[in-house]
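Each chain, letter by letter, is given below.
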Amino acid sequence: MSTPYAKPDLFDQIRPLVDQVRVFGEIDSTNDEARRTIMSGFTGSNLIIANTQSSGRGRRGRKWVSPAGGIYMSLTLPLHASLTQPQALSLVSAISVKQSLESWSQVPIKLKWPNDLLVEGKKLAGILLEFQTSEPMDHIVFGVGINYSLTNAQKERIDREVTDVKELTEKLPVREEIVLSICTNLIENSRRFFNEGFDPFERIWNASDYYLGSNIVIKSGTSEKSGKSLGVNGKADLIIESDHGQELISSGEIYFDLNEARRSFDGDT
Ligand code: BTN
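No experiment lies behind these values; they were computed from the predicted model shown. (Residues numbered from 1 in each chain as written. Predicted model: local features only at pLDDT ≥ 70, side-chain atom pairs only at ≥ 80, totals over all residues. Heavy atoms only, no water.)

Engineer: Please give an account of the pattern of salt bridges that cites residues and values.
Structural biologist: Applying the stated criterion across every chain, the model contains 18 salt bridges. Ionic pairing is found between Asp28 and Arg36, a salt bridge with its closest N-O pair at 3.0 Å. The class of Arg36 is partly exposed, set by a relative accessible area of 39%. Between Glu253 and Arg59 there is a salt bridge, with its nearest N and O atoms 3.2 Å apart. With Glu253 in strand 12 (residues 253–255) and Arg59 in the loop between strand 2 (46–53) and strand 3 (71–78), this pair connects stretches of sequence that are 194 residues apart. (Salt bridge = Lys/Arg side-chain N within 4 Å of Asp/Glu carboxyl O. Buried < 20%, exposed > 50% of the residue type's maximum accessible area, 1.4 Å probe, protein only. Helix = DSSP H or I, 4+ residues; strand = E, 2+ residues; numbered from the N terminus.)

Engineer: Lay out the pairing of strand 2 in plain terms, naming residues and giving numbers.
Structural biologist: Within strand 2, 8 of the 8 residues are buried, leaving the element largely enclosed by the surrounding structure. With 7 bridges connecting them, strand 1 (residues 20–27) and strand 2 associate as parallel partners. The residue of strand 2 that forms the bridge with Glu26 is Thr52. As a crossover connection, the stretch from strand 1 through helix 1 (residues 30–39) into strand 2 is right-handed. The sheet contact formed by strand 2 and strand 3 spans 5 bridges and is antiparallel. Counterpart to Ala50 in the pairing with strand 3 is Tyr72. (Pairing = 2+ DSSP bridges. Right-handed = clockwise from strand over helix to strand, strands pointing away.)

Engineer: Describe in detail the packing of aromatic side chains, supporting the description with residues and values.
Structural biologist: The tally for this structure, following the rule as stated, stands at 6 aromatic pairs. Here Tyr210 and Tyr211 contribute two aromatic rings whose centre-to-centre distance is 5.0 Å and whose plane-to-plane angle is 90°, an arrangement assigned as edge-to-face. Owing to a relative accessible area of 26%, Tyr210 belongs among the partly exposed residues under this scheme. Using a relative accessible area of 4% as the deciding quantity, one classes Tyr211 as buried. A centroid spacing of 4.7 Å and a plane angle of 45° characterise the contact between Tyr211 and Phe256, whose relative ring orientation is tilted. Of this pair, Tyr211 sits in the loop between helix 6 (199–207) and strand 8 (215–220) while Phe256 sits in the loop between strand 12 and helix 7 (258–266), and the two are 45 residues apart along the sequence. Accessibility expressed as a relative area gives 36% for Phe256, which makes it partly exposed. Clustering of aromatic rings is evident, with ring pairs tying together Tyr210, Tyr211 and Phe256. (Phe/Tyr/Trp six-rings, centres within 6.5 Å; stacked < 30°, edge-to-face > 60°.)

Okay, here's the thing in structure tokens:
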């Protein structure tokens, strides 16, 4: 049977890492398939990969444009203990994807709190972290979308400035290599996070924080806060220096200024 993947045998190297690996040509959303699998009673770890998604989802109810030939994957891990810092795991997932992509990138990849990957301000990848309650155990779903090799027409369909893996490197790795590396890093870093908390990741995050030292606006629902970004603390909160002193932010979306924040909110679906 023909496959859109150049080296599908590489997926076999992921099999020892996770209990189940499934590769789809097209699916609605790999995160939705992950939820269905968990709800059907599957209790192991599970990786779902698709060549294209018809209803890809982003954070805050946004759509994730998913043309054929991109990287769309969801890794689910059973939660053996309760998760006390879900927000921090979101940052750990972004660090994991960055570490993978940096093995091929010739330019630095930056992080946008809580879990976007940017290159020169343009979006390279996004992560949708979801939790699925189920009996006998709950699961985490790491949904990762990476712009891999977009045409100019595809870039224009996306409502923000984007870049792709092809632009970062002279020798484009096959998608299978990237997926393998991301799974390895997500599993290793999650294990470390569950044992040691966010502390070991604080410095790693701040070394690559795109907004560190910049004046920013954070919007969360109807609340708007502004100040200078001081990076994250050991609990993965964002610290800003505002007129009221230092404030800790635990949720929201970062913008450089109010105009950008309001434009973006107006465009939300
Ligand atoms: C964001 O930046 O808003 C998060 C985007 C996450 C997209 C990925 S693609 C694979 C997985 N399936 C989905 O429907 N969404 C995530």
